[in-house]
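Residues per chain, in single letters:
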Amino acid sequence: MSQPFTAIATLTAKPGQQDALEQALRTLVAPSRAEAGCGQYDLHRDLADPQVFYVIEQWASEEVLQAHNVSEHFQQFQRSAGDTIEHFQLKHLGAIA
């Protein structure tokens, strides 16, 4: 099993779709936080560019994140919000100290 890590998801909404993307992202927060192995799942919006959202996540392992990615709530998010996303990036960060 892999080690715990922090992930930062960056999502940019298509023009005019930021409110729809925000609403869809909000539906992920509570069920994701309730998942075994999730230490943090916080949604943020860029103050300089309101079309950009960040999800700061902490997972116990890569396997736990993979389980999150196939969860019903995440699959529903992908189905409902897929057309609102212009760009997506996921960074995996390991603690140094």
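For the structure, see preceding data.
Residues numbered from 1 in each chain as written. Predicted model: local features only at pLDDT ≥ 70, side-chain atom pairs only at ≥ 80, totals over all residues. Heavy atoms only, no water.

Engineer: Whenever I open this one, the side chain of H68 confuses me. Can you help?
Structural biologist: Here H68 lies in helix α2 (residues 62–69). Using a relative accessible area of 1% as the deciding quantity, one classes H68 as buried. Discounting residues that sit within four places of it in the chain, H68 has contacts with S32, E35, Y41, W59, H73 and F74. (Helix = DSSP H or I, 4+ residues; strand = E, 2+ residues; numbered from the N terminus. Buried < 20%, exposed > 50% of the residue type's maximum accessible area, 1.4 Å probe, protein only. Contact = heavy atoms within 4.5 Å.)

Engineer: Please explain the nonpolar core as it appears in this structure.
Structural biologist: Most often, soluble globular proteins have nonpolar side chains that are buried together. Counting 21 residues, the largest nonpolar core has L11, L21, L25, Y41, W59 and F77 as the members making the most contacts within it. Those elements that place two or more of their residues in this core are β1 (5–13), α1 (18–33), β2 (38–45), β3 (52–59), α2 and α3 (72–81). In contact with Y41, other than residues within four places in its own chain, are L28, V29, S32, R33, V55, I56, E57, W59 and H68. (Core = buried A, V, L, I, M, F, W, Y, C linked by side-chain atoms within 4.5 Å.)

Engineer: Could you clarify how one ought to interpret α3 in this entry?
Structural biologist: Helical geometry note: an α-helix holds 3.6 residues per turn, so side chains three or four residues apart project in the same direction. Those residues of α3 that fall on the buried side of the exposure criterion are F74, F77 and A81. Seen along its axis, α3 keeps its buried residues to an arc of 55 degrees; they face one direction. Away from its buried face by more than 90 degrees, α3 exposes E72 and R79. (Arc of directions from axis to C-beta.)

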